[in-house]
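Residue strings, one per chain:
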Amino acid sequence: MSWLHISILLPFIFAMAVPYIYKKFTPRVHTGWFVFIIPLLIFAYLITFIPKISSGNTVSASVPWLPSYNINFTTHVDGLSLVFGLLISGIGALVILYSIYYMSKHREALHNFYVYLLLFMGAMLGVVFSDNIFVLYVFWELTSVSSFLLIAYWYEREKSRYGAQKSMLITIFGGLAMLAGFIMLAMISDTYSIREMVSNAAMFPSHALFIPAMSLILLGAFTKSAQFPFSIWLPDAMEAPTPISAYLHSATMVKAGIYLVARLTPIFGGSAEWFWLVSGVGIITLLYGSVNAVRQTDLKALLAYSTISQLGLIMSLLGLGSASLYYRIGDESSVYAVAIFAAIFHLVNHSTFKGCLFMVVGIIDHETGTRDIRRLGGLMHLMPISFTLTVIGSFAMAGLPPFNGFLSKEMFFTAVLNASKLTVFNGNTSMLLIPIIAWIASVFTFVYSMILVFKTFRGKNKPEKLGRVVHEAPIGMLIPPIVLGSLVIVIFFFPNVLSNYLLKPALAAVLPTLAQAGELNMKKISAWHGWNTELFMTIGVIGIGTLLYIYLKKWYRIYRIYPEELTFNNLYNLSLEKMENVSRIITNRYMTGSIRDYLVYIFLFIILLTGVTMWLFDGFSFDPSNDAPVNLFEAGLMIAMVITALTVLFSKNRLTSIVAVGGLGFLVSFFFVLFRAPDLALTQLVVETVTTVLFLLCFYHLPQLRKEISTVRFKAVNAIISIGVGMVVTIVALSANGNRFFESISSYYENSYELAGAKNIVNSILVDFRGFDTMLEILVLTIAGLGVYSLIKLRIAGRDHNEGTK
């Protein structure tokens, strides 16, 4: 096992120790200080890969997991996975440091919080470093489960439970679809390795499963990355504690879908379907998120919709950049590869400024007791550091200099302008809509960024609406957003350091064929490109955005025109309600409380499943030629058993029925005697005697059997079910006897004396050949006996206690 495997498993391993640490050191020491070491170590270890990855090399290691199914835990580090790994561990460390001051060690169940957080961190690392698609899927679903636990951390709140359920249902639905797509992809490529799939990607488009696999995988990516219309889960997930929102919903979990699309671009990129699905959904999500962010009055809700918008921007860039794989070689490929580069660049930038903003909003909520913009204002002088950090993060999100968001936003404008000139994929004039929609969405992005800054920190202070004295947060809570805010500015002034060591290797991982052909010649990143179209688009965004912000109250009412009943969120709630009603109706139909009804369902299922299966697959086969002849004694016993069974059926007295059941068991024991199995006969006699006595004891305390009124239909159903089950079981037994594909193992046991020194075959089988089975059966009986003894003892103790208190 490599150190990379250990790094991925380390959060899982340490999560098991967290409850012990919490119990041992709380409340003297905050549990987060111990957890903080884990992402810090992982981040430090991943940094050591930068020199090797930046020089064009990759690192792989494999550990057998299910070798018989060719499923191994194979890890692979290249530029793309390294970028994500550094974000997961680096921002994870900052989030844990932030949570130490945000989460109270006296009032919060911190052991649960950090266990869930570590599970999520390990799952995300597993997603980005796994080369096997099925191992990746396992980690993918672990991110959904752990995020469900994190969102529902404050489970006593109804909104937290609702948000966790919504995110779970939507992301798990997408994950299952993605699994089906992975299976199809494995069928196409005859491998589970992503690297091997990429190396043979040229042969995939002609396969019949290419489009279905693509669609299902994208469904998983879109649900995880909150793309339209699956984005409805993200705003409700904001009920989680702010450190969780900063980690999951800005920097990591929602980027998992982005990672998957980027990773599979070499396989599906270059096709028209991939181009339109990825770029189309992304650009719609960009517009949807930015327009809806403006109408929010809750700071975290505003950031949630802004995250949706920014994720749409990154997704659209990945779609637009996939056109470079259509051209393969030449200047055109480099032109459209800029979009992929911009996507990776903006992904890093977004993680820095959005993580900073989420933490600042958490500080505002922590210090003022509210996130409602209508109750906030005038905080600039009371919280100057938080105000400065908000300006840095918001202006970067708006795409203004001198912040890193300006650089990647300019590259975004370049990418959409290039797309408008694209002549392939039957785009024609529809390509012109892409830069128009992108520009409109950027205007709304500017507006909600200004709302975040000025509605919160400018204006009149409203202490009467806050109910507490507002002051700046403690320095420990400010350090993480200060680090992220500083990176926002540093990246703006030194973008090519990031580009050379991380962004270009990541681009080469997304477009390996172009990288090998030397077609990825990215220019240096600079803030000034002259008076070009992109700059005029930015000036237009600032001008129109400023006017819209100033006159916000005059046009804000336009949001009320769209009816709430037609929103996807309302459609989700109605669908869930309808499904619950249908489920309740169906459940009430079969959960009648009658054992007889349940037996009818079970036996009918057996008849249909077994009988129909044998009929469809021609399973009926009868070969009595090798059967032993039935002698007079055996025939007499069979007749006696039939008579005894009919006695049970038609008896109207419980005592008679019990005696008849016992008699049936005793007759079976006679068969064992005839077949020379005295041990089995004795066992059968003991079991039948004990059960008959127990039946008599139980029925002694039951009321008298009363005559029940049964309809003809009731009796007919019983007759049909019983005859059907009898026939099916008989046919299965006869067919099994007539289809002997292997020699009987009985001949092996006949040598029990030579093999085990035993003269009794049955005893030898139980004690020697299947000794472990017998030992475990005895163990089960012992555990059951101890359980019965404990229940009896508890009951006696409880009765004595009650008598003593009287």
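Residues numbered from 1 in each chain as written. Predicted model: local features only at pLDDT ≥ 70, side-chain atom pairs only at ≥ 80, totals over all residues. Heavy atoms only, no water.

Considering the overall build of the protein chain
Under the convention used in this document: By definition, any uninterrupted DSSP run of H or I lasting at least four residues is a helix, any uninterrupted run of E lasting at least two residues is a strand, and each is numbered from the N terminus. Between buried and exposed lies partly exposed: a residue is buried under 20% and exposed over 50% of the maximum accessible area for its type, with that area taken using a 1.4 Å probe on protein chains only. Here, residues are in contact when the closest pair of their heavy atoms is within 4.5 Å. The protein chains shown are the only cover counted for residues, whose accessible areas, like all others here, come from Shrake-Rupley with a 1.4 Å probe. Here the positive residues are Lys and Arg and the negative ones are Asp and Glu; neither His nor the chain ends is included. Working definition for charges: the position is that of NZ of Lys, CZ of Arg, CG of Asp or CD of Glu.
Tallying secondary structure elements over the protein chain gives 35 helices and 2 strands in all. Along the three orthogonal principal directions, the C-alpha set of the protein chain runs to about 110 × 75 × 55 Å. Across the 806 residues in the protein chain, those meeting the buried criterion constitute 48%. Long-range contacts, defined as pairs at least 24 residues apart, comprise 80% of the intrachain contacts of the protein chain with a sequence gap of at least 6. As displayed, the protein chain has an accessible area near 40600 Å², and 68% of this comes from carbon and sulfur atoms. For the protein chain, the centre of its 54 positive side-chain charges and the centre of its 42 negative side-chain charges are spaced 13 Å apart.

A closer look at the packing of helix α18 (residues 384-398) against helix α21 (residues 475-493)
Short version of the rule: Comment: axis = line fitted to C-alpha atoms, over the contacting stretch for helices; angle = value between 0 and 180 degrees taken between N-to-C directions. In what follows, roughly perpendicular refers to angles from 65 to 115 degrees, roughly parallel to angles under 35, roughly antiparallel to angles over 145, and oblique to any angle outside these ranges. Helix crossings get a hand from a simple test, with the near helix turned counterclockwise from the far one by less than a right angle marking a left-handed crossing and a clockwise turn marking a right-handed one.
The contact between α18 and α21 brings their axes to 10 Å, and the two run at 40°. Relative to α21, α18 is oriented oblique. As for the relative orientation of α18 and α21, their crossing is left-handed in sense. Residue-level inspection shows Ile385, Ser386, Leu389, Ile392 and Ala396 of α18 in contact with α21, the latter providing Leu478, Pro481, Ile482, Gly485, Val488 and Ile489.

Quick notes on the pattern of salt bridges
Note the threshold: The rule for a salt bridge is simple: a side-chain nitrogen of Lys or Arg has to be within 4 Å of a carboxyl oxygen of Asp or Glu.
With the rule as written, the count across this model stands at 9 salt bridges. The salt bridge partner of Asp298 is Arg371, with a shortest N-O separation of 3.2 Å. With Asp298 in the loop between α14 (272-294) and α15 (299-321) and Arg371 in the loop between α17 (331-368) and α18, this residue pair connects regions lying 73 residues apart in the sequence. The exposure class of Arg371 is buried, given its relative accessible area of 18%. The shortest N-O distance in the salt bridge between Asp365 and Arg371 comes to 3.3 Å. The same class applies to Asp365 and to Arg371, which are both buried. Residues joined by salt bridges that share partners form a network here, namely Asp298, Asp365 and Arg371.

Looking at the packing of helix α1 (residues 3-25) against helix α3 (residues 37-47)
In helix packing, the relevant descriptors are the interaxial angle and the interaxial distance, both defined with respect to the helix axes. Put simply, α1 and α3 touch, their axes get as near as 10 Å, and they point 170° apart. Judged by the inter-axis angle, α1 sits roughly antiparallel to α3. Where α1 abuts α3, its residues Trp3, Leu4, Ser7, Leu10, Pro11 and Phe14 lie against Ile38, Ile42, Tyr45 and Leu46.

Some points on the environment of His529
Stated precisely, the cut-off is as follows: Here a polar contact is recorded for every N or O atom pair within 3.5 Å, except that within protein the pair must consist of a potential hydrogen donor and a potential acceptor, and residues adjacent in sequence are included only if both atoms are side-chain atoms.
Examined against the element boundaries, His529 turns out to sit in the loop between α23 (512-516) and α24 (533-550). Spatially, the C-alpha atoms of His529 and Trp33 are 46 Å apart, while their sequence positions differ by 496 residues. One polar contact links the side chain of His529 to the main-chain carbonyl oxygen of Ser526, over a distance of 3.0 Å.

A look at the packing of aromatic side chains
Two aromatic rings are characterised by how far apart their centres lie and by the angle between their planes. What counts is decided by this rule: Ring geometry is summarised as follows: Phe, Tyr and Trp rings, the Trp one being its six-membered ring, pair when their centres sit within 6.5 Å, and such pairs are stacked at plane angles under 30 degrees, edge-to-face over 60 and tilted between the two. Lysine NZ or arginine CZ positioned within 6 Å of the ring centre and within 35 degrees of the ring normal marks a charge as sitting over the ring.
What the rule picks out here adds up to 31 aromatic pairs. With 6.1 Å between their ring centres and 50° between their planes, Tyr153 and Trp154 make a pair best called tilted. Looking at Tyr153, the relative accessible area reads 6%, which means it is buried. The exposure class of Trp154 is buried, given its relative accessible area of 13%. On the numbers, 6.4 Å between centres and 55° between planes, the contact of Phe406 with Phe492 is tilted. Of this pair, Phe406 sits in helix α19 (residues 404-420) while Phe492 sits in helix α21, and the two are 86 residues apart along the sequence. The pair formed by Phe406 and Phe492 is uniform in burial state, with each residue classed as buried. An aromatic cluster is defined as three or more aromatic residues linked by ring pairs; in this entry it consists of Phe113, Tyr114, Tyr153 and Trp154. Arg157 extends its terminal NZ or CZ atom over the ring of Trp154, reaching a point 4.1 Å from the ring centre.

Topic: the environment of Phe268
Along the chain, the position of Phe268 falls in helix α13 (residues 256-268). What makes Phe268 buried here is its relative accessible area of 1%. As a C-alpha pair, Phe268 and Leu325 span 57 residues in sequence and 9.2 Å in three-dimensional space. Aside from chain neighbours lying at most four places away, what touches Phe268 is Leu185, Phe210, Ala213, Met214, Ile217 and Trp274.

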